[in-house]
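# Residue-level structural notes
The lines below spell out each chain.
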Amino acid sequence: MADKYTPAAIEEKWQQIWAEQGLDRTEDDSSKPKFYALSMFPYPSGNLHMGHVRNYTITDVIARVRRMQGYRVLHPMGWDAFGLPAENAAIDRGIHPAKWTYQNIDQMRSQLKRLGLSYDWEREVATCSPDYYRWTQWSFIQFLKAGLAYQKEAAVNWDPVDQTVLANEQVDSEGKSWRSGAKVERKLLRQWFLKITDYADELLQDLDQLSGWPERVRLMQENWIGKSTGAKVTFKTEQGDDLEIFTTRPDTLWGATFMVLSPEHPLVEKLTTAEQRDAIATYQAEAAAKSDIDRTAEDKEKSGVWTGSYAINPVNAEKIPIWIADYVLMGYGTGAIMAVPAHDQRDFAFARKFGLDIKVVVQPEGETLDGATMAEAWPGDGVMVHSGPLNGVPAGKGEGQSVEQAIAWLENEGQGQGQANFRLRDWLISRQRYWGVPIPVVHCPSCGTVPVPDEQLPVELPQDVEFSGRGASPLSKLDHWINVPCPTCGEPAQRETDTMDTFIDSSWYFLRFADARNEEAIFDPDKANDWLPVDQYVGGIEHAILHLLYSRFFTKVLRDRGLLNVDEPFKRLLTQGMVQNITYKNPKTGKYIPIQEIADPENPVDPETGEALEGFYEKMSKSKYNGVAPQDVLARYGADTARMFILFKAPPEKDLEWDDADVEGQHRFLNRVWRLVTDFAASHPNGLAASKMESLSKADKDLRRAVHTAIKEISEDVEGEYQFNTAISELMKLSNAMSDTSDKASSVYAEGIATLVKLLAPFAPHIAEDLWHQLGHSDSIHRQSWPQLDETALVADEITLVIQIMGKTRGTISVPASSDKAALEKYARESEIAQRYLDGKEIKKVIVVPGKLVNFVAV
Ligand code: ANZ
Ligand code: ZN
């Protein structure tokens, strides 16, 4: 009588009904506890890939479980919609970036909807829409007012292919652009920065609050912030200028034998003597062309030039030469160092190459180092020597050790002071591009840089732009847009033509979701304070540093502007693993072969050459031709199967290997559940009242135990570590127990059916909803409460006791669960198994493990 399980027939139907009923609209019943579940919003490339599907499914299950547990849940979605690809599409295909982006958004939104994700679409945001970026601009002005946004001439990373400035983090370890792959050049330009360094200490400290984050992500943030402690020490040049240095080893001051300045250091000019002028100028030009990564590589041959001048070491009045070298960077510390070749390897290599003095001031235990003969620097512990007041002090950073004593001595003598230094740099946010948020300032010849007044926001991106090709930003050519009266004095002035780094757009979107349609303000602080922090954030590890750090920074700044009262935006973070697939490669040609072209996966060969192929698992990607399109899987099996497979195949944070057989397996499982429930619905059209533990039969009790074991296990799995894979295994066990039950007319069976459907609902929302209605209900399964565990149902009347003879299992028997040790031994001795195996033997010893086994030692 019941229909066959046909996902196509039910999934769209329910998606439509849910949308009409507003089922996923955010509740605002303040009597309920809140839960904010968030997936990192995507860049609208136009096509959903499996990585997205996995990310969003994980968050959706979490959101659905919380709703059933009685929380009001905020589960929104939006689009990180500014950025280069849209502009490149405009250049390559002549389509306007806005048009391209909104088309992609429409396409991806409908793909997302096919997955049955419980988003509150009424809160959707797109960062490229003026009603969103108006508030991005407003935030920027808040930073400006707080003194946290400024302009500065800076040596920037210039991508010669994309013709744009790149942030340091967009340059890979080989000095190439993360996007175009071009070798990055250095160029001096006036740029906008946000002063994230003002928050460096707090960003570091507050990592301690983030116990709900993966340890590895916290560590990555810590390293990125890169705090080092030491001292600032003032040397004097022969010419009488102060020359400040930062050192982590102020205790080695007596071992400083030369100074090194960054080639860009402002004192270089003055220090350079006439004889050295040419050599210095040549060296400066060479250094300017290199990236920081090239300059500081440990293994690189050292280079440098003497300025011709000397400095005076403040601790012993010694005259030491001042050099310039590219391994000292202008952007770190003070751009100048004291070189201690005996104890710093880079200085050591430099000193050896140029024949400079090497003076040992730390003697390791049991050794006597000599500067003339040592083969490498000694950075380790030991005892201070040749160091005036520090002689005899143990070298090290600990309490009472040399570093601490050196700082105390310097401060006392007025020669320097303790200082912390951060690797973190201010955030370079200006981009010479069109498709981004215009920086809302006007440059006036008399008033200077003037923020655009709030009531004139947003500064909209002009539409009538020509995308002729590479080169300067299209905005910088639009005179009618650029020329405006100054907001302060009304005289002719010019708009800023730089736009913002898109990381700014995503640094506050999670706040906007709390109050997404607000037209008067960025958000109502009460609403943001109500919903924040995000209780569970889910996204890729590739965002472990920048996006998360910037979001934390924005949150703290807006808090300090009185808009928020949370310190940290994301309470818990889950970084989901990759979706991988089998990948085929011809080892001879290095060519990847599309998975569709493999006729026999057992014996894969190159269809062109017949050569044997290598097969291995790798992240799905276009370039490896190993992708599986979500649409294909949805068309074939439906969204519920796709969701179940993804959740079942691996725990969320682990990589997942695609496997068609396992997809089939989940599809079959849903078919079994369908049959089980529809058979029941057919024979009990009005359902059956669920039972309490009346006087149940043994079979009933066993089934009820299975039902409540499932409730217990799955409830644990969906919290804490989110072990959705084992949760689905438990669902399968319960379904098997139900199938195996012979009495399908009992009230316990009815309870089991209802429970199974409810427990399945967060994972496979469509089939669960359909079955729920077939059971005679008219409200949504997704509005039901999560099944309650009845602890008493878990208590077994009987247990299975293993009988062993000499440690070898010979069989099992059923015994009352309440049996004590003596009783267990008695049952075991009397059992048929023991009688048989112990016949004629003498029992030497009996070992009883309560609840488990009895082992007889007999000869
Ligand atoms: C003397 C010294 C002796 C140093 C010694 C180290 C070992 P971190 O941990 O990265 O903060 N330094 C300072 N400013 C620099 C710059 N702009 N470019 C390149 N190197 C710079 O390292 C700080 C150490 O790196 C500082 O301590 C300084 O060398 C060098 F046995 O000073 B040290
Ligand atoms: Zn003016």
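Reference entry: report on the structure contained in this document. As the structure is a prediction and not an experimental result, all values here were calculated from the model.

Quick look at the side chain of Gln432 now. As for its position among the elements, Gln432 is in the loop between β19 (430-431) and β20 (441-444). Within the structure, the side chain of Gln432 is placed 3.2 Å from the side chain of Asp498, a separation counted as a polar contact. In this structure, Gln432 is in contact with Trp158, Thr164, Val165, Gln191, Ser473 and Asp498, ignoring residues within four places of it in sequence.

Glancing now at the environment of Gly46. Within the element layout of this structure, Gly46 appears in the loop between β1 (34-39) and α2 (50-68). With 421 residues separating them in the primary sequence, Gly46 and Phe467 have C-alpha atoms 21 Å apart. In this view, Gly46 contacts Asn104, Gln107, Met108 and Gln111; residues no more than four positions away in its chain are not counted.

Quick look at the sheet that holds strand β34 (residues 853-858) now. The strand order β32-β31-β34-β33 describes an open sheet built from 4 strands, whose pairing is mixed. The two strands at the open ends of the sheet, each matched to only one other strand, are β32 (808-816) and β33 (843-849). Put simply, the sheet's adjacent strands are angled 20° from each other on average, direction ignored. Note that β33 and β34 share 6 bridges and pair antiparallel. For Val849, the partnering residue across the bridge sits in β34 and is Leu853. The strands that helix α26 (residues 821-830) touches are β31 (798-805), β32, β33 and β34; relative to β33, the one it contacts most, it runs at about 125°.

Among the 18 residues in the neighbourhood of ligand 1, the closest are listed as Ser228, Thr247, Leu329, Tyr332 and Arg423. Measuring from an oxygen atom of ligand 1, one finds a side-chain N or O atom of Tyr332 at 2.5 Å. At 3.4 Å from a nitrogen atom of ligand 1 is found a side-chain nitrogen or oxygen belonging to Arg346. For ligand 1, the accessible surface in isolation is 640 Å², of which the surrounding protein chains cover 86%. Those elements that provide at least two residues to the shell around ligand 1 are β9 (242-247) and β13 (336-339). Grouping the amino acids of the shell around ligand 1 by side-chain chemistry returns 8 nonpolar, 6 polar and 4 charged.

Another aspect to go through is the pattern of salt bridges. Applying the stated criterion across every chain yields a total of 49 salt bridges. Where Lys232 meets Glu244, a salt bridge forms, and the shortest distance between an N and an O atom there is 3.6 Å. Placement of the pair is Lys232 in strand β8 (residues 227-237) and Glu244 in strand β9, with a sequence separation of 12 residues. Here Asp501 makes a salt bridge to Arg431, at a shortest N to O gap of 3.2 Å. In this pair, Asp501 sits in the loop between β24 (499-500) and α14 (502-505) while Arg431 sits in strand β19, placing the two residues 70 residues apart along the sequence. The same class applies to Asp501 as to Arg431, namely buried. It is possible to trace a salt-bridge network through shared partners that takes in Glu202, Asp206, Arg552, Lys556, Arg559, Asp560, Asp567 and Glu568.

As a further point, take the nonpolar core. Counting 121 residues, the largest nonpolar core has Leu112, Phe140, Leu194, Trp427 and Phe553 as the members making the most contacts within it. Setting aside its immediate chain neighbours within four residues, Phe553 contacts Phe143, Leu194, Lys195, Ile196, Tyr199, Leu203 and Trp427.

This part covers the coordination of the zinc ion (ligand 2). In this structure, Cys444 (SG), Cys447 (SG), Cys486 (SG) and Cys489 (SG) serve as the protein donors to the zinc ion (ligand 2), at separations of 2.2 to 2.4 Å. Here the donor residues of the zinc ion (ligand 2) share one chain and are spaced in sequence as C-x2-C-x38-C-x2-C. Note on Cys444: relative accessible area 6%, which makes it buried.

The step from Leu457 to Pro458 runs through a cis peptide bond, and the omega angle for that step is 0°. Residue position: Pro458 is located in the loop between β21 (448-451) and α13 (479-482). Put simply, Leu532 and Pro533 share a cis peptide bond, and its omega is -5°. Take Pro533: it is sitting in the loop between α16 (525-531) and β25 (536-539).

In an α-helix, one turn spans 3.6 residues, which is why side chains three or four residues apart end up on the same side. Its 14 residues give helix α23 (residues 747-760) an end-to-end C-alpha distance of 20 Å, which sits within 8% of 20 Å, the value for a rise of 1.5 Å per residue. Within α23, 12 of the 14 residues are buried, which leaves it mostly tucked inside the rest of the structure. For α23, the set of buried residues is Val748, Tyr749, Ala750, Glu751, Gly752, Ile753, Thr755, Leu756, Val757, Lys758, Leu759 and Leu760. The inward-facing, buried residues of α23 abut α2, α19 (639-649), α20 (660-683), α21 (698-717), α22 (724-740) and α24 (765-774).

In this section: the sheet that holds β20. Read from one edge of the open sheet, 4 strands run β21-β20-β23-β22, paired in antiparallel fashion. With partners counted over all chains shown, the strands left at the sheet margins are β21 and β22 (483-485), one partner each. Each adjacent strand pair in this sheet contributes to an overall mean axis angle of 40°, direction not counted. In the sheet, β20 pairs with β21 via 4 bridges, with the strands oriented antiparallel. Considered in β21, the bridge of Val441 is made with Pro451.

What follows deals with the pairing of β20. Taking the residues between adjacent antiparallel strands as the criterion, β20 and β21 are bridged by 3 residues. As judged from the 2 bridges shared by β20 and strand β23 (residues 492-495), these two strands associate in the antiparallel manner. Note that in β23 the partner of Val442 across the bridge is Arg495.

The rules behind each value
- Residues numbered from 1 in each chain as written.
- Chains lettered and ligands numbered in written order.
- Predicted model: local features only at pLDDT ≥ 70, side-chain atom pairs only at ≥ 80, totals over all residues.
- Heavy atoms only, no water.
- Helix = DSSP H or I, 4+ residues; strand = E, 2+ residues; numbered from the N terminus.
- Polar contact = N/O pair within 3.5 Å; in protein donor to acceptor, adjacent residues only side chain to side chain.
- Contact = heavy atoms within 4.5 Å.
- Pairing = 2+ DSSP bridges.
- Axes fitted to C-alpha atoms, helices over the stretch in contact; angles between N-to-C directions.
- Near = heavy atom within 4 Å.
- Areas by Shrake-Rupley, 256 points an atom, 1.4 Å probe, with all protein chains shown as cover.
- Nonpolar A, V, L, I, M, F, W, Y, C, P; charged D, E, K, R; others polar.
- Salt bridge = Lys/Arg side-chain N within 4 Å of Asp/Glu carboxyl O.
- Buried < 20%, exposed > 50% of the residue type's maximum accessible area, 1.4 Å probe, protein only.
- Core = buried A, V, L, I, M, F, W, Y, C linked by side-chain atoms within 4.5 Å.
- Donors = N, O, S within 2.8 Å, 3.2 Å for Na, K, Ca; no water.
- Expected span 1.5 Å × (residues − 1).

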